[in-house]
Amino acid sequence: MDMYQFLSIDLPPLLTAIFCSLSCALVGNFLLLRKMSLVGDSISHSVLPGIVIAFLLSGTRSSIPIFIGALIFAGISVLLVEVVKKLGKVESGAAMGVVFSLMFASGVFLIEQASARVVDLDADCVLHGQLETIFWFPPKVFSFLSLLNLPYEVFASLLVFCLISILVFIFYKELTLLSFDKELADALGFKPAILNTGFLIIVAASIVISFKAVGTILVIAMLICPPATARLLTDKLKTQIFLSLFFAVLTAIFGYFIAVFLPSFFNLSAVNIAGSISVSSGIFLTLAIFFAPQYGIIGKIKKTKKFAHKVIAEDILGFLFRVSEVSEESTDKLLTKKQLLVPFKGVKIVEKSLANLLKIGDVLKVKNSDGFEFYSLSETGQLRAKNLVRTHRLWEQYLVDEVGVKEDHVHDTAMDLEHFTDEILEDGLAKSVGAKKQDPHGRDIPEKD
Amino acid sequence: MKKISYFIILIFLLFLSCKNKESNSFSKQSNSKIKIVATTSMIGDLCKNIAGERGEVVSLMGEGIDPHLYKPTRTDIVKLNSADIVFYNGLLLEGKMIDALVRIAASGKPVLAVTELLKESFLLEPKEFQGQVDPHVWMDPKAWSASAVVIANSLAKNCPDSKEYFLSSLESFKEKIFKLDKLSETALNTVSPKTRVLVTAHDAFNYFGRRYGFEVVGIQGLSTESEAGVHDLEQIVSLLVERKISAVFIESTISKRNIEALIEGAKAKNHQVEIGGRLYSDAMGKPGTLEGTYLGMIAHNVSTIVKALGGTLPEEGLLQKINQ
Amino acid sequence: MFDNYFYFLKKLISVLTFNAGYNAKVVVLGATVLGLTAGVVGTFLVLRKRALVSDALAHSTLPGVAVAFLLLSYFGFDAKNTFFLLSGAAVSALFGSFCVSFISSKTRLAEDAAIGAVLSVFFGFGVVLLSIIQGLNIGSEGGIHNFIYGHTASLRAIDVKMIFLLGLFSIIAAALFIKEFSLVCFDPDFAKTDGWPVSLIDYYLMALVVLVTVLGLQTVGLLLVISLLIIPATIGRFWSNSLSKMTVVSALAGALSCYIGASVSSILPNYPAGAVIVLTSGFFFIFSLLFSPVKGVFASMFRRVSLGFRILLDHTLRDFYEEWEFSKTSTAIADFSLSKNKLKISFFQKFSLYFFRYVKKEKDKIYLTEKGVLKAQEAVRNHRIWEEYIAKFGSVDISHVDFSADLAEHVLSPQIVKELEGAIESSTKEIKESLHTLEKN
C-alpha cells in the first residue's frame, strides 16, 4: 500500500519537479553569469496575455495552444525589453519592469473582459502551478515498462531537460564566451545577437514548459537559487554547472518532503509543494551564503580575522626587532608586557596575537630571578622580524626614490605594505632600490639571509 | 562532500519515519464501510445523512473555505485516491480541482457530480456571464434534494448490500428538507415584497432568490476570483438608496471589505444600511455546531435574512420545528 | 451609437470632476494620491537603478500578510484587520529589502540574482503559508487573496485617509533628503568617497519604497504595485534631465494615470481598476517614449537626421571651397563659380543650398552668396583645426585624419573651436592649408 501510494501520488510530481528544476538550473547558470537572472521573472509575468489569447482563439484549456501562445508572448516580451532599452535608453531593470507589468496588466484586463474565468483561467494558474494534481494509478503488478504510462507532464519536462542539455552541450563554448566576453565573441565571429536570441528562446521554452506544472514562482527560484548556491562554492564554470544540477535535484527532493511529510508530524495537511521547493532552494542558498568555504560570510570574517592577527603579530615582531636594534645592553632587549603593548594601545586582539606568537615560539617569555616576566624574540622570530623590517625599509626607500613620497610620510604606507609583500616582490624591491643600504631615515636595511 | 552525504541520509531517515506514520493514519479501517470523499462540506453533509453508519465520509473543504479558490494539497490527493467513491458539486464550482478530479475519474473510480440530475432548464445562467452556469445549487433546498438522490443512487449502485438502507435514509432526509423548505417559505413570506432584495458579497444566492421570490444582487460575480468593479458597487449603492433597503449581508468565506464600502457609499447618500448578519454561502459553519450541518446552515440563513429585513420567525426556531 | 459615447463621456466627466457617486470619488481620490506618491518615490528608485528591487519587495509582502493573519487568528482577534495585515506586509518587505542589499553587498552574487532569489523564496514561503491557512480551518483566506490582486473598488474613506497621510509623509520625507538622493542616484561613487553614508541613504529610500508598496497592496495588489513605482518614473526620465523636474513629471504621470485609470474603471463594467491604471500609465509611457522632445524616439531621430543634413551641407560647401583653393585662381571666392554639373549633389541638397541662400545661380554658373562664403569658410576652418588637433594629439596618421575629422567637425561648438585653437596654438582666424593633398574628382 505504502509503496503503491508513493508510486502513485509522490513519484510523478517529484520527477516533474526534479526535471523542471534541472532544466531551469542549467540555463540559470548562464543567466546568472550574464547578470540576467531577472529575465525569468520578466518572462513569467509576460506570458499571461499569451495564455488568455490562446485560450480565446482555441477555446480549450489543452496545453498545446496555450504553450504556443505563452511562448510567442515570452518572445514578444524579450523583444520589447530590448526595444525599450535601445529606443528609450532605459536601464535594463526599469525596461523589464515596464514591459512585464504592462503585459501582465493586459493579461488581467483580457481575463476580465472575456469573462474567461468561466473555466478557471486566471493569473493564479500561472503563479502557482499544480504539482499536486500530477498523479497516476500504476498497475498493481509493477514493472519498469509501466513507467511509460506516467502522466505526460513527467515526459514533457524530461524531454525539455534533454533538449536543453543537448543544446547547452553543443553550444557550450559559445555560451561561455557570450557570458564572459561579449566583445570577444563578436570579434571571433560568433554573432552574439543570433546566439543571444537563441539562448533567450531556450530560456523562454524552459520557463513556459515548467510553469504549467510547477508555477512561475518555483521557476524563478530554480533559475536563480541553485546556480547562485553553486557559484558561491566554486570558480569554475563546469563545476558550477554540475553543482547547480546537484542542488536542483537536492532542493526538489528536500522541498517535496518538507511539504508532504513534515506537516504530518504535526497532524497538519500537506502544504503547497511548489512553494515549499522554492523555500528549500532559499534555505540552501542561505546556507551557502553563510557557510561556503571561500565566499561564505563566516569564512570571509574568519579570513579577515586571521589576517588581522597576522598583521598584529608581525607588528609585534617588528617592534621587538627595532627595540633590539637600538638597545646596546642585552637586558634592554627584554621588554615587560606593559612595555611591549605600548604601541598597541586600543587594539583588542593583541593579547591573543601575542599568545599565538608564544605558542609557535617566535617570541619567548623569560622569568628573571625576581619573578618578573620579560618578552624577547626567539631565533626563528628574529629571522622573521628581520625580514619584515627589511621589507619595510625597502618599501620606504622605494616610495621615496621611485614614487616621490616625502620622507616623513612613508612610514605608515610602508607599515601597511609590508604585510602584503611576498618574497618575489621583496627581491624586486631590492633590485630597484639598488645598492642603498639604508632607508630614508638613515637606518640600516637588514641583509637578506 | 561528507556533510552532504550525511544530509542525504538524514533526508531518507526523515522519509522513512514519515512513511510509517503515514501508514498508520491511512490504513484501511474496516471493509464494511464505504469510503466517501466529498469536496464541499454541503455535499459531505448529504453523504453523512444518506450513508449513515454504513459510510465513512470525508469532506475536503472545511469551515470558511472558498471552493472557487481551493487548491488541492497532497493530503487531499491521498484522500481522493483512497476513496471508494467521490462526490463533487460540478458546474465548475471547484475551479482549481478539475485536473485532479479528471485524473481520478480516468482510473475508473466513480467520480460523480451531485448536480448531474438537474435539468438544463432548471439551471440559471446569469446574463453578465454568458456560458457560465451558476453552481450554487444548494441554496435551493428542493434542488439540493435532487443531489441527495444522485448520492443515494450511486451509493446503492456501488454497494448493493446496503441499497435498502440508503434509500430509506434518503426518504427521511428528503422529508426533512421539504419540511425546512416549507417553513422557510412561510417565514420569508413575512418579509414585505418591497424590501425583498438580498445584497451579498458575491452572487451565491440566485437559486435561493428564485425559490423564495427574492431579488438577488452580488457585488462580486459567480466566482470570487473576479475583482469587484467600482461601477458595480456604485449601481448597487443607488439600488439600496432607491429601494430603501436597510440591510446587506456578509458571507463567511469572503472578505467583508466590499460590503463595508457599500454601506459607506449609501451613508454618503444619507441612507442608513446595516450589516444584516453573516450568511453561510459557499461553506457551512463549524463542524459540531448547528450551522455545521446543511439543514442548520439553511435555517441560519433564512432566519438571519428574515430578522434583518423585518419579517417574523416561528418562536421555537426553524430547526426545532422540523424535528417536531 | 453616438448616444452611447455621449453617455460615456458625460459619465467620465462627472467622475473626473468628482461629481459621480461616493464610492467612485473615494476610489479615484485614493488612487490619485497613491499614484502621486509612487511617482515621487519611484523616481529615486529608478535613478538608483533599483527598479526591480520593488518587485522583490512587493512579492516579499505575502509571507508577512500570511503570518499576521495566522497570529491574529491564533490570538483570537479579527483576522481581517487591515492595519495589522499591512503592518505584517511592511515588516516582511523591509526584511526582504534588507536581504537583497545584504546578499548583493556581502556576497559575490550580483543584485539581479539577489532580487530574484528573495522574490521567489519569499513568495514561495507566502504560498506555503497560504496553503497552511487553507488547511487549518480557521476561517477565510479571502482577505489575503485580495492582497495579491488588489481590491480597488472596496477602498473606504478611512483607507484613503491613511493613503493620504502616509503618502504626504513619504513625499515630505523624500523632499527632505532630495540632495542626498540626487547625490546617491547620479554619482554613487563620488558620494561614497566623499564620506556620505550611502548604504544608510539607500535603506532610507528602501523604507520609503516599502511604505508605498504597502499602500499600493490595497489598491492594485502586489503583482501590479511595482508598475506604479517604475512606469511614471521612467516617463519622468524621458522629459527632463534634472532631478527635480523629473520628479515632478513622474509624480504628475503617476497621479494622472491613476486618476484616469480609476475613473474609466468606475464607469465601465469588467474594467478591473488595477489593470486599467497600469495600462493607462503604459499609454503615457509609449507616448513619452515616442514624442518627448528631450529623449523621445522622434526627437532624437529628428536630431540625427538634421545632423546628417548639416553634414551634407557642410561637405558641399567645403567641396566648393576646396575646388576654389585647388583651382589656385586669383579671383576672390565670392566671384568663383562652378558649372552646374560640377557639383555632384542630390536634388535635395541643391534645394536646401538654395533654400538657405548659400548659393546663387547666374547663367548656368553657381556662385556662393555672402552667407555661403562665411559658412563655407567656417566649415573648412573647423575641419582643418580638428584635423590638426587630431594629428597633433590624437596620434592618428595624417592619411587617416580626414576621415575622423569628417565625423567630428560638424558638432564643434564655438567654445570647443576656441579650445582647439588654443591647443594647436593658432589664434588668428586664418584658414590653414590642408594637411593632406586634396584629391579632386
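Every value quoted in this text rests on a predicted model; they were computed, and no experiment measured them.

Visitor: Which residues make up the sheet that holds strand 4 (residues 111-113) of chain B, and what values do they have?
Guide: Strands pair in a sheet through their backbones, by hydrogen bonds, and they do so in one of two ways: parallel or antiparallel. Residue and element names in this part refer to chain B. One open sheet holds the 4 strands; their spatial order is 2-1-3-4, and the pairing between them is parallel. In the strand order of this sheet, the two ends are held by strand 2 (55-59) and strand 4, each with one partner. Along the sheet, successive strands turn relative to each other by an average axial angle of 20 degrees, direction set aside. As judged from the 3 bridges shared by strand 1 (residues 34-38) and strand 3 (residues 85-88), these two strands associate in the parallel manner.

Visitor: So, the interface of chain A and chain C: which residues are in play, and what are the values?
Guide: With 60 residues of chain A in contact, the opposing surface of chain C contributes 54 residues. Of the roughly 4,600 Å² buried at the junction of chain A and chain C (both faces included), carbon and sulfur atoms supply 76%. It is Leu38, Leu102 and Phe109 of chain A in chain A that bury the most area against chain C; as a group they hold 12% of the surface buried on that side. In this structure, Asp235 of chain A and Arg108 of chain C form a salt bridge, with 2.8 Å as the shortest nitrogen-oxygen distance. Counting every contact that joins chain A to chain C gives 8 residue pairs in polar contact (both at pLDDT 80 or more). In terms of residue class, the side of chain A that touches chain C is made up of 32 nonpolar, 18 polar and 10 charged.

Visitor: Which residues make up the interface of chain B and chain C, and what values go with them?
Guide: Listed as interface residues are 30 residues of chain B and, on the opposing side, 37 residues of chain C. Between chain B and chain C the total buried area reaches about 2,700 Å² when both faces are included, carbon and sulfur atoms providing 51% of it. Of the charged contacts in the structure, one is a salt bridge between Asp159 of chain C and Arg257 of chain B, with a shortest N-O distance of 3.0 Å. Scanning the region where chain B abuts chain C turns up 8 residue pairs in polar contact (both at pLDDT 80 or more). Of all the secondary-structure elements, those providing two or more residues to the side of chain B that touches chain C are helix 8 (230-243) and helix 9 (257-268) of chain B. Counting residues per element, the side of chain B that touches chain C draws most heavily on helix 9 of chain B, at 8 residues. Residues that form the side of chain B that touches chain C fall into these classes: 11 nonpolar, 10 polar and 9 charged.

Visitor: Describe the pattern of salt bridges, with residues and values.
Guide: The tally for this structure, following the rule as stated, stands at 15 salt bridges over all chains. The structure contains a network of salt bridges with shared partners spanning Arg48, Arg50, Glu111 and Asp202 of chain C.

Visitor: Can you lay out the environment of Asn23 of chain C for me, pointing to particular residues and giving the numbers?
Guide: As for its placement among the helices and strands, Asn23 of chain C is situated in helix 2 (residues 22-47). Sequence separation between Asn23 of chain C and Ala157 of chain C is 134 residues, and the spatial gap between their C-alpha atoms is 8.9 Å. Excluding its chain neighbours within four sequence positions, the residues that come into contact with Asn23 of chain C are Val230, Leu233, Glu234, Val237, Ala261, Leu262 and Gly265 of chain B. A polar atom in the side chain of Asn23 of chain C sits 3.1 Å from the backbone oxygen of Ala261 of chain B.

Visitor: Give me a nonpolar patch on the surface: which residues, what numbers.
Guide: Together, Ile64, Ile68, Ile72, Ile76, Leu80, Val83 and Leu87 of chain A give the surface a local cluster of nonpolar side chains, amounting to about 570 Å² of exposed area. For Ile76 of chain A, the position within the fold is in helix 4 (residues 63-88).

Visitor: Residues and numbers for the packing of aromatic side chains, please.
Guide: What the rule picks out here adds up to 31 aromatic pairs over all chains. Summarising the aromatic geometry, the rings of Phe135 of chain A and Phe137 of chain A are spaced 5.9 Å apart at their centres and angled 90 degrees between planes, so their arrangement reads as edge-to-face. Residue Phe135 of chain A is classed as buried on the basis of its relative accessible area of 1%. Members of the aromatic cluster, joined through ring pairs, are Phe290 and Phe291 of chain A together with Phe95, Phe98, Phe102 and Phe122 of chain C. When the ring centre of Tyr165 of chain B is taken as origin, the NZ or CZ atom of Arg54 of chain B, which lies over that ring, is 4.3 Å away. Taking NZ or CZ as reference, Arg108 of chain C lies 3.7 Å from the ring centre of Tyr295 of chain A, over its face.

Criteria and thresholds
Residues numbered from 1 in each chain as written. Chains lettered and ligands numbered in written order. Predicted model: local features only at pLDDT ≥ 70, side-chain atom pairs only at ≥ 80, totals over all residues. Heavy atoms only, no water. Pairing = 2+ DSSP bridges. Helix = DSSP H or I, 4+ residues; strand = E, 2+ residues; numbered from the N terminus. Axes fitted to C-alpha atoms, helices over the stretch in contact; angles between N-to-C directions. Contact = heavy atoms within 4.5 Å. Buried area = accessible area lost by both parts, 1.4 Å probe. Salt bridge = Lys/Arg side-chain N within 4 Å of Asp/Glu carboxyl O. Polar contact = N/O pair within 3.5 Å; in protein donor to acceptor, adjacent residues only side chain to side chain. Nonpolar A, V, L, I, M, F, W, Y, C, P; charged D, E, K, R; others polar. Patch = residues over 30% accessible without salt bridge, like charges linked within 9 Å, V, L, I, M, F, W, Y side chains within 5 Å. Areas by Shrake-Rupley, 256 points an atom, 1.4 Å probe, with all protein chains shown as cover. Phe/Tyr/Trp six-rings, centres within 6.5 Å; stacked < 30°, edge-to-face > 60°. Buried < 20%, exposed > 50% of the residue type's maximum accessible area, 1.4 Å probe, protein only. Lys NZ or Arg CZ within 6 Å of the ring centre and 35° of its normal.

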